[in-house]
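A look at the structure
For reference, the chains in residue letters:
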Amino acid sequence: MSKATEINTVPLIFYTVEPFESTHGQSLNQPLHRHSETVELLLVLEGTVHCRLEGKSCKAPAGSVLVIPPGTWHELRYTASKQQSGYRLAFSGYPLLAPSFSDWPPVIPISDLHTLKALFARLQKEKTQPHAEQAVHHLIGLILALISRSMENRKATALHNRENTIQEIKLYMEENHSRSLTLEDIAGRFSLNKYQLARTFQQVTGISPLQYLISCRMDAARQLLFATDMPVAEVAQATGYKSITQFQAAFKKAASKTPRQYRIACKTADQIEEIK
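Residues numbered from 1 in each chain as written. Predicted model: local features only at pLDDT ≥ 70, side-chain atom pairs only at ≥ 80, totals over all residues. Heavy atoms only, no water.

1. Considering helix 5 (residues 209–227)
Compared with an ideal rise of 1.5 Å per residue, which puts 19 residues at 27 Å, helix 5 spans 27 Å between its outermost C-alpha atoms and is within 8% of the ideal. The complete set of buried residues in helix 5 reads P209, Y212, L213, C216, R217, M218, A220, A221, L224 and L225. (Helix = DSSP H or I, 4+ residues; strand = E, 2+ residues; numbered from the N terminus. Expected span 1.5 Å × (residues − 1). Buried < 20%, exposed > 50% of the residue type's maximum accessible area, 1.4 Å probe, protein only.)

Shown next, in the form of C-alpha cells:
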C-alpha cells in the first residue's frame with residue numbers, strides 16, 4: 001500500500017510498515033540487494049539481526065534500530081539461535097526537518113523503546129485507515145524524531161562519560177605527580193590504550209597528558225620553593241624527577257627562572273611586602 005503527502009514541498013512516500021518474526025530454530029535470510037530510493041528502518045524487539053551494509057558487518061540487538069539508507073547494498077540474516085521479532089518500516093523522501101539518513105550510524109540503541117514500539121504499532125494500524133496520509137506523515141516524523149533523540153542522548157552520554165574520565169585522570173596526575181608516571185601507566189589504570197588516552201585528553205583539555213603532568217609538577221615545585229627551605233635536589237625528587245639537571249631544565253622552561261632564582265625572587269617579594 002502506497003500513500004503520498006507533501007508538507008512545505010518536502011515529499012514523503014510511505015510504502016509499508018510490517019512486523020517481522022522468526023521463531024527459535026528458524027533462520028531467515030535476505031540476499032544482497034538495494035533499494036535506490038527507499039529508506040528501511042528495522043526496529044528490533046527480540047533477538048539480534050545480523051546485517052552486511054556495503055560489505056561491512058554489523059549487529060542490531062534487541063532495543064535498537066537498524067538504519068538502511070537509500071542505495072545501500074545490504075543483506076540481512078535472522079539467526080536460528082533465538083526468537084527474532086520487530087518491525088520493518090520502508091518509505092522514500094525526507095519528512096520535514098529530517099536529517100540525511102547517510103549521516104546516521106547503522107545501529108542506534110533506543111532510549112525509549114516502549115514509546116517507539118507503540119508508534120510503529122500505531123503506524124501499522126493507521127495505514128489501513130481511509131485518508132491517512134497526514135497521520136502517516138506525522139507518525140513517521142515522530143518515529144524519526146524519537147530515533148534521532150536516542151542518538152543525540154547517546155552522544156551526550158558518551159561526551160559526559162568522556163569528560164568525567166578525563167577529570168579522573170587529571171585528579172590522578174595531580175595526586176601522583178611525584179611518581180615516575182608514563183603514558184602507559186596512566187592509560188592502563190583507566191583501561192585505555194595510550195593512543196586513545198592521548199587523543200581524548202587533547203580533545204577535552206587542549207593539551208597533552210604529558211604537558212598536564214609537567215604543569216602539575218611545576219605547580220608543586222613552585223609551592224615547595226616558595227613555602228619551604230627544601231634543597232633543590234629534594235624538590236626535584238618530590239616532584240617526580242630522578243635527575244636534578246632534568247628538573248632544572250624543565251623548571252626554567254616553565255618559569256623562565258632557575259629554581260634558585262625563583263626562590264630568591266619569592267623571598268625578595270615577601271621582604272618588600274613586609275616593609276610596606
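2. Description of the nonpolar core
A general trend in soluble globular proteins is that nonpolar side chains are found buried together. One finds L41, L89, F91, L116, L123, I140 and I147 to be the most contacted residues of the largest nonpolar core, which totals 28 residues. Every element with two or more residues in this core is listed here: strand 2 (10–22), strand 4 (38–46), strand 7 (64–68), strand 9 (84–93), helix 1 (113–126) and helix 2 (133–175). Per-element accounting of this core gives the leading share, 8 residues, to helix 2. Setting aside anything within four residues of it in sequence, one finds F91 in contact with L12, I13, F14, Y15, E37, T38, V39, L41, F101, I140 and L144. (Core = buried A, V, L, I, M, F, W, Y, C linked by side-chain atoms within 4.5 Å. Contact = heavy atoms within 4.5 Å.)

3. A short note on the sheet that holds strand 8 (residues 74–78)
With antiparallel pairing, the 4 strands of this open sheet are ordered in space as 3-8-5-6. With one partner strand each, in any of the chains shown, strand 3 (28–33) and strand 6 (56–61) form the two edges of the open sheet. Ignoring strand direction, the axes of neighbouring strands in this sheet form an average angle of 15°. Sheet topology note: the strand 5 (residues 48–53)/strand 8 ladder contains 5 bridges and is antiparallel. (Pairing = 2+ DSSP bridges. Axes fitted to C-alpha atoms, helices over the stretch in contact; angles between N-to-C directions.)

4. Here we look at the environment of V235
By the secondary structure assignment, V235 is in helix 6 (residues 232–238). Residue classification places V235 among the buried residues on the basis of a relative accessible area of 0%. Separated by 18 residues in sequence, V235 and R217 have C-alpha atoms that sit 9.9 Å apart. If we ignore the near neighbours within four places in the chain, the residues touching V235 are A221, L224, L225, M230 and F247.

5. Some points on the side chain of H177
By secondary structure assignment, the location of H177 is in the loop between helix 2 and helix 3 (183–189). Not counting residues within four places of it along the chain, the set of residues in contact with H177 comprises L213, C216, R217, A220, A238, T239 and G240.

6. Focus: the pattern of salt bridges
Scanning the model with the defined rule gives 6 salt bridges in all. E40 is the partner of R88 in a salt bridge, and the nearest nitrogen-oxygen pair spans 2.7 Å. Here E40 lies in strand 4 and R88 lies in strand 9, a separation of 48 residues in the sequence. Of the residues examined, R88 reaches a relative accessible area of 18% and is grouped as buried. (Salt bridge = Lys/Arg side-chain N within 4 Å of Asp/Glu carboxyl O.)

7. A closer look at unusual backbone geometry
Positioned with a positive phi, E54 is a non-glycine residue whose angle comes to about 50°. With respect to the element layout, E54 can be found in the loop between strand 5 and strand 6. Its identity as a non-glycine residue notwithstanding, S256 has a phi of 60°, on the positive side. Tracing the backbone through its elements, the reader meets S256 in the loop between helix 7 (244–255) and helix 8 (259–275).

8. As for helix 1
Since one α-helical turn is 3.6 residues long, residues separated by three or four positions face the same way. Taking 1.5 Å per residue, 14 residues should reach 20 Å; helix 1 reaches 20 Å between its end C-alpha atoms and fits that length. When helix 1 is considered as a whole, its buried residues turn out to be L116, L119, F120, L123 and E126. Each buried residue of helix 1 lies within a common arc of 130° when the element is viewed along its axis, so the set occupies one face. Exposed and facing more than 90 degrees away from the buried side of helix 1 are H114 and K125. (Arc of directions from axis to C-beta.)

9. Quick word on the packing of helix 5 against helix 7
Interhelical geometry of helix 5 versus helix 7 gives an angle of 95° and a closest axis separation of 11 Å. Comparing the axis directions of helix 5 and helix 7 gives the class roughly perpendicular. Taken together, the residues of helix 7 that come into contact with helix 5 (itself represented by M218, A221, R222 and L225) are F247, A250, F251, A254 and A255. Partitioned by chemical class, the residues of the contact of helix 5 with helix 7 number 8 nonpolar, no polar and 1 charged. (Parallel < 35°, antiparallel > 145°, perpendicular 65-115°, else oblique. Nonpolar A, V, L, I, M, F, W, Y, C, P; charged D, E, K, R; others polar.)

10. Quick notes on the packing of aromatic side chains
Enumeration over the complete set of coordinates arrives at 7 aromatic pairs. Note that R217 overlies the ring of Y241, its terminal NZ or CZ placed 5.3 Å from the centroid. (Phe/Tyr/Trp six-rings, centres within 6.5 Å; stacked < 30°, edge-to-face > 60°. Lys NZ or Arg CZ within 6 Å of the ring centre and 35° of its normal.)

11. Some thoughts on the packing of helix 2 against helix 4 (residues 194–205)
Remark: helix 2 packs on helix 4, axes separated minimally by 10 Å, with the N-to-C direction vectors making an angle of 100°. The angle between the axes of helix 2 and helix 4 places the two elements in the roughly perpendicular class. The residues of helix 4 that touch helix 2, namely those facing R162, E163, I166, I169, K170 and M173, are L197, T200, F201, Q203, V204 and T205. Its residues placed into classes, the contact of helix 2 with helix 4 shows 6 nonpolar, 3 polar and 3 charged.

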